[in-house]
Amino acid sequence: MNILMLRHSAGYEHSYLPDAEVALKQIGRREGWQVQTTANCDRINRKVLDNLDVLVFATTGELPLDGEQKRLVIDFVRGGKGFVGVHNATDTGRTWPEYVEMIGGTFKAHPWVQEVNVIVEDPDHPATRMLGKSFRVYEEVYTHENWDRKKTHVLYRLDNDSVDLSKGTRADHDYALGWCHKFGQGRVIYTALGHFEALWYEPWFLNHLTEMVRWAGER
């Protein structure tokens, strides 16, 4: 597989990004995948995308993509390729409705920065088989708007009993932290995890990320 990670920050610069680049390249070497990483949005062009199987976004803010570049990204996935969103990828493209539809939601807030319990809703998915029925993780927990579980397949969600729910941002208190779905002929998978550098050295998380990418790239 050929994979490109875009790690452009048009807003807050997350400190995990260098660690994520290293981790993904190490995964690529182990799996025999070709992995490139870049902060340069000019790499989002037809020549590059035509040779990719999976596009990974670890991005923040309104990316400096023109209308043609945005169309290429959406067409890339709709046409049958894979998209992986990591953590702040939902804090991207608020004025790009096709992107919000594709990834499945928009970052609203991070009311909890603590160790939380995460409930795995689909322990049989290839990307979650290593996670068990639940797991604990120290995370900056994202909540989302423009998100509806009826429009996606939830992989895991926040265990509401592990937080002060009065700090929540959704009336339904449905805080999914990982999901996947088809988008046109392509596949989209997202994890809200990854804010802290240490997670990118955890074997279980790296295995999870590996299988996310593999699932997204399947045809």
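Read on for an overview of the structure. (Residues numbered from 1 in each chain as written. Predicted model: local features only at pLDDT ≥ 70, side-chain atom pairs only at ≥ 80, totals over all residues. Heavy atoms only, no water.)

1. Here's the deal with the nonpolar core
Defined as follows: To qualify as a nonpolar core, a set must consist of buried Ala, Val, Leu, Ile, Met, Phe, Trp, Tyr and Cys residues joined through side-chain atoms within 4.5 Å. In this scheme, a residue with accessible area under 20% of its type's maximum is buried, one over 50% is exposed, and one in between is partly exposed, where area comes from a 1.4 Å probe on protein chains only. Secondary structure elements follow DSSP: runs of H or I of four or more residues count as helices, runs of E of two or more count as strands, with numbering from the N terminus.
Core analysis: the biggest nonpolar cluster contains 74 residues, and Leu 55, Phe 83, Val 84, Met 102, Tyr 156 and Ile 189 have the highest contact counts within it. Counting residues per element, this core draws most heavily on helix 5 (residues 203-217), at seven residues.

2. Re the pattern of salt bridges
Note the following rule: Any Lys or Arg side-chain nitrogen located within 4 Å of an Asp or Glu carboxyl oxygen qualifies as a salt bridge.
Taken as a whole, this structure holds 18 salt bridges when the rule is applied. Between Glu 31 and Arg 214 there is a salt bridge whose closest N-O contact spans 3.1 Å. Placement of the pair is Glu 31 in helix 1 (residues 17-31) and Arg 214 in helix 5, with a sequence separation of 183 residues. Of the charged contacts, one joins Asp 75 and Arg 71 as a salt bridge, the two residues approaching to 2.7 Å between their closest N and O atoms. On the criterion of helical spacing, the pair formed by Asp 75 and Arg 71 is a turn pair, its members being four residues apart in helix 3 (residues 67-78). Of the residues examined, Asp 75 reaches a relative accessible area of 36% and is grouped as partly exposed. Where salt bridges share partners, they join Arg 30, Glu 31, Glu 211 and Arg 214 into one cluster.

3. Examining the environment of Val 141
What counts, and what does not: Residue contacts are counted whenever heavy atoms from the two residues lie within 4.5 Å of one another.
Here Val 141 shows up in strand 6 (residues 134-145). Expressed as a C-alpha distance, the spacing of Val 141 and Ala 192, which sit 51 residues apart in the sequence, is 7.4 Å. When residues no more than four places from it in sequence are discounted, the contact partners of Val 141 are Ala 109, His 110, Pro 111, Trp 112, Val 116, Leu 158 and Leu 177.

4. Thoughts on the packing of aromatic side chains
Stated precisely, the cut-off is as follows: Only rings of Phe, Tyr and Trp enter the pairing, Trp through its six-membered ring, and a pair is recorded when the two centres are within 6.5 Å. The plane angle decides the type: under 30 degrees is stacked, over 60 is edge-to-face, the rest tilted.
Using the criterion set out here, one finds 14 aromatic pairs in the structure. Residues Tyr 138 and Phe 196 carry aromatic rings whose centres are separated by 5.0 Å and whose planes lie at 45° to one another, so their mutual orientation is tilted. Here Tyr 138, found in strand 6, pairs with Phe 196, found in the loop between strand 9 (186-191) and helix 5; they are 58 residues apart in sequence, far enough to count as distant. Feature note: the residues Tyr 16, Phe 135, Tyr 156, Trp 200, Trp 204 and Phe 205 constitute an aromatic cluster, connected by ring pairs.

5. Digging into helix 5
In an α-helix, one turn spans 3.6 residues, which is why side chains three or four residues apart end up on the same side. For clarity, the threshold we go by: Helices are assigned an expected span. That span is 1.5 Å times one less than the residue count.
Under the 1.5 Å per step criterion, the end-to-end length of helix 5 is 21 Å for 15 residues, consistent within 8% with the ideal 21 Å. With respect to burial, helix 5 is a largely interior element, eleven of its 15 residues being buried. Every buried residue of helix 5 is listed here: Phe 205, Leu 206, His 208, Leu 209, Thr 210, Glu 211, Met 212, Val 213, Trp 215, Ala 216 and Gly 217.

6. With respect to the pairing of strand 2 (residues 34-38)
Put simply, the rule is: A pair of strands is treated as paired once DSSP finds two or more bridges between them. The handedness rule is simple: strands pointing away from the viewer, and a clockwise path from the first strand over the helix to the second, make the crossover right-handed.
The pairing of strand 1 (residues 2-6) with strand 2 spans five bridges and is parallel. Among the inter-strand pairings, Leu 6 is bridged to a residue of strand 2, identified as Thr 38. Taking the sense of rotation as the criterion, the β-α-β connection linking strand 1, helix 1 and strand 2 turns out right-handed.

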